[in-house]
Amino acid sequence: MSEDTVSIDSARADADDHGHVAVAVTTLDAELIEGPSLATPDVAEYALWLGDDALVLAQQLGAWISRAPELEEDVALGNVALDLIGHARSLLHYAGTATNRTEDDLAYWRTEPDFRSLHIVEQPNGDFAHTIARQFVVSHYVFELYSRLRASADQTLAAIAAKAVKEVDYHRDHATQWMLRLAQGTDESRRRMITALSDLWPYVDEIFRDEPLIDRLEGIAVRPSSLRPAFDAAIAPVFAEAEVELPNGFVASGGGRIGKHSEHLAFLLAEMQVLTRAHPGASW
Amino acid sequence: MTSTFTPDTSATADISVEEQQFNDLIEADSRIEPRDWMPEGYRKSLVRQISQHAHSEIIGMQPESNWITRAPSLKRKAILLAKVQDEAGHGLYLYSAAQTLGATRDDMTDALIAGTARYSSIFNYQTPSWADMGSIGWLVDGAAICNQVPLCRASYGPYGRAMVRICKEESFHQRQGFEILLELMQGTAEQRQMAQESVNRWYWPALMMFGPPDDDSPNSAQSMAWKIKRHSNDELRQRFVNMIVPQAAVLGVTLPDPDLHFNEETQQWDLGTIDWTEFHEVLAGRGPNNAQRLQRRRDAHEDGAWVREAAAAYAIKQTARKQCARTEEMASK
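Thresholds applied
- Residues numbered from 1 in each chain as written.
- Chains lettered and ligands numbered in written order.
- Predicted model: local features only at pLDDT ≥ 70, side-chain atom pairs only at ≥ 80, totals over all residues.
- Heavy atoms only, no water.
- Helix = DSSP H or I, 4+ residues; strand = E, 2+ residues; numbered from the N terminus.
- Buried < 20%, exposed > 50% of the residue type's maximum accessible area, 1.4 Å probe, protein only.
- Contact = heavy atoms within 4.5 Å.
- Areas by Shrake-Rupley, 256 points an atom, 1.4 Å probe, with all protein chains shown as cover.
- Lys, Arg positive; Asp, Glu negative; His and termini not counted.
- Charge placed at Lys NZ, Arg CZ, Asp CG, Glu CD.
- Polar contact = N/O pair within 3.5 Å; in protein donor to acceptor, adjacent residues only side chain to side chain.
- Salt bridge = Lys/Arg side-chain N within 4 Å of Asp/Glu carboxyl O.
- Buried area = accessible area lost by both parts, 1.4 Å probe.
- Nonpolar A, V, L, I, M, F, W, Y, C, P; charged D, E, K, R; others polar.

1. Structural notes on the overall build of chain B
- Helices and strands together make up the secondary structure of chain B, namely 13 helices and two strands.
- The proportion of buried residues among the 333 residues of chain B is 55%.
- Expressed as a percentage of contacts within chain B between residues at least 6 apart in sequence, the contacts between residues at least 24 apart total 76%.
- Taken as a whole, chain B presents about 14,500 Å² of accessible surface, with 52% of it coming from carbon and sulfur.
- Considering chain B, the positive charge centre built from 35 side chains and the negative charge centre built from 44 side chains are found 9 Å apart.

2. Quick word on the environment of Thr-277 of chain B
Residues and elements named next belong to chain B.
- With respect to the helices and strands, the residue Thr-277 is situated in helix 11 (residues 276–286).
- On the basis of relative accessibility, which here comes to 54%, the residue Thr-277 falls in the exposed class.
- Among the polar contacts listed, one links the side chain of Thr-277 to the side chain of Asp-275, at a separation of 2.2 Å.

3. Description of the pattern of salt bridges
Residue and element names in this part refer to chain A.
- What the rule picks out here adds up to 26 salt bridges over all chains.
- For Glu-218, the salt bridge is made with Arg-223, and the minimal N-O distance between the two is 3.7 Å.
- Sharing partners across several salt bridges, the network here consists of Asp-210, Asp-215, Glu-218 and Arg-223.

4. Observations concerning the interface of chain A and chain B
- Counting residues at the interface gives 66 residues for chain A, matched by 66 residues for chain B.
- Carbon and sulfur atoms make up 64% of the area that chain A and chain B hide from each other, which totals about 5,800 Å².
- Joining chain A to chain B, the criterion identifies 20 residue pairs in polar contact (both at pLDDT 80 or more).
- At eleven residues, helix 5 (residues 71–96) of chain A tops the list of elements feeding residues into the side of chain A that touches chain B.
- Partitioned by chemical class, the residues of the side of chain A that touches chain B number 29 nonpolar, 19 polar and 18 charged.

Here you go:
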C-alpha cells in the first residue's frame with residue numbers, strides 16, 4: 001500500500017484521535033454497562049423522565065444541522081445535540097436494566113403515552129429565537145438538576161449527572177449568550193426573542209411540578225419543586241441584562257411525566273422511529 | 001511524475017527576485033505561507049480549489065443530515081450527527097485557509113448561494129435510503145480520502161495543514177460508512193438488498209469524483225506544476241478502485257461494473273468505461289438535487305440573516321458600552 005492511501009484498518013487506529021467523535025460518544029461508558037446496579041422500577045421511571053427529555057431535545061436540535069443561521073451554529077447546535085444524545089443513551093440504558101430492554105428498545109419501540117418527556121422539550125424548533133428560548137429554559141433547569149443529582153444515593157444516576165453537568169454548563173452559557181445577543185441586538189431580533197419567550201413560558205411551570213414518584217425516591221431523585229428558587233435566581237440577572245420582563249401569561253396543563261403529551265410529540269416520534277419500526281428485529 | 005505542462009521555474013533575466021524565491025520554495029518542496037509572494041495565478045487557483053472544497057463540505061452536509069432525525073439506532077444517530085458536524089467544521093477551516101489568500105467569507109458564501117461557485121457534484125445525488133449513509137462514508141469519503149491525503153503535502157501551508165486534520169476525520173468517516181454497510185450485509189435479506197442497491201447507485205458517481213480523465217482536465221497540469229495537486233485524476237481513481245475492490249469482497253457487495261477485472265500485468269484492477277455524459281449532466285446543473293441543495297443553503301442563509309445582524313449589532317453595542325465605561329472611569333479620576 002502506498003503512503004497516500006488510507007485503509008479501513010489504518011482508519012481504525014485514527015478513530016481515537018478524532019476531535020468530536022470520542023469513543024464516549026459512540027459507546028457507553030464502561031461503568032454504566034458493567035455497573036452492578038439494576039434500576040428499580042421507580043428509579044427506571046425517573047431515568048425515563050430525564051432520558052426522554054434529553055432524547056426529544058436532541059432530536060429537535062438534530063433537525064437544525066445544515067439549516068443554522070451560521071456555520072458556527074451548525075457546529076454548536078450539533079455539539080449540544082450530541083451531548084444530549086449521550087445523556088439520553090446513558091439514562092435510557094440504565095432505565096432499561098429494570099425491564100431487560102436496551103436503549104434502542106426504549107427509544108424506538110415505545111409509543112407516545114409511554115414517553116415521559118416534558119412539554120417544553122416537545123415544542124417545535126420555530127425560528128432561532130424559539131430554539132434559543134427553549135435551550136435557555138431547559139439548560140438552566142437541567143444544570144440545577146444535575147448539579148444536585150450528583151449527590152444522589154443512586155450511584156449510577158450520580159455518575160451520569162456528574163459527567164453531564166459539565167456539558168450542560170456549556171449549553172447554558174451558549175443559550176444565555178444568544179438570548180442576550182438577540183434581546184439586545186436589532187429591533188427585529190428583540191421582538192422575536194420576546195415573542196419566543198412568551199410562547200415558551202406556559203410550559204415552564206410543568207418542569208417544577210412534583211409527582212408521587214418523587215416521594216418514593218427520597219435521596220435518589222431531585223424534587224422538581226426544590227429547583228425553582230435556584231432556577232429563578234439564575235435566570236433573573238439574564239432577563240435584567242437583556243432588559244426583558246419575565247413573561248406572565250398562560251400556564252399549560254402539562255402532564256408529560258404521566259404520558260399526556262403535546263400534539264407535537266407524535267410527529268417527532270413518527271419521524272424518529274420510522275425506519276427502525278419498518279425492520280423489526282434488525283440490528284443497525 | 002511527468003507532465004506535459006512545463007512550468008516556468010527556471011531563472012531568467014526578466015524574473016523578479018520574489019518570483020525566483022517562490023520558484024525555489026516550490027522546487028525544494030517547501031511550504032508557501034500567506035505572507036510570501038506568490039504569482040496571481042497560484043493565488044487564484046488556490047482560492048478556487050479551497051473554496052470549492054469548503055463549499056463541498058457545506059453542501060455535503062445536506063444528503064446526510066437528511067437521515068439524522070431518522071437514524072435507526074441512537075448510536076448511529078450520534079455518529080451521523082458527529083460526522084455532519086465535522087463537515088461543518090471542515091468547511092470552517094477551509095474558508096479560513098481561503099481567507100489567508102485574501103478571499104472573504106461573505107464573497108465565498110454569496111458565490112455559493114448565487115450558484116456561481118462550484119462544489120463537488122457528488123452531493124447533488126439523493127439519499128433515499130439509510131444505506132446511503134454507508135455508501136457515502138465508504139465510497140464518497142473513501143474517494144475524498146484518496147484525493148485529499150496527497151493534499152496534506154500541498155505547497156500552500158494553511159491548506160496542507162487544514163488537510164491533515166480533515167483527513168484524520170475523513171478516515172473515521174470512511175470507517176463508519178463501511179461499518180454501516182457491514183452491519184446491513186450481515187443483517188436481514190431486506191437490509192442486504194438495501195446495501196447493494198445503494199452501492200449500485202453510488203459506485204459510478206464516486207469514481208467520477210476524481211474528475212475528468214487526464215487528457216480532458218484543463219486545470220490539472222498547472223496545479224501539479226505548482227505542487228498544489230500531486231497526482232493525476234486517473235492515477236487517483238485507479239488507486240481508489242484498487243483500495244475498494246478487496247473491501248467490497250469483505251462486505252460481500254458486488255460493484256456494478258461487469259468489466260472490472262484484475263490485470264495480472266499491471267497488478268491493478270482495470271475498470272469498465274465511465275459514462276461521462278451523466279457527469280457532465282450533473283455538472284451542468286441537471287443532477288437529481290442541484291436545485292434543492294442550493295435552495296436549502298440559500299434558505300438557511302436568508303432565514304438566518306436577522307440572527308447574524310443581531311449578533312453584529314450586539315457586538316457593536318458591547319464595544320461602545322465598554323468604551324463609554326472606560327471614558328467615565330477616566331473622567332472620574
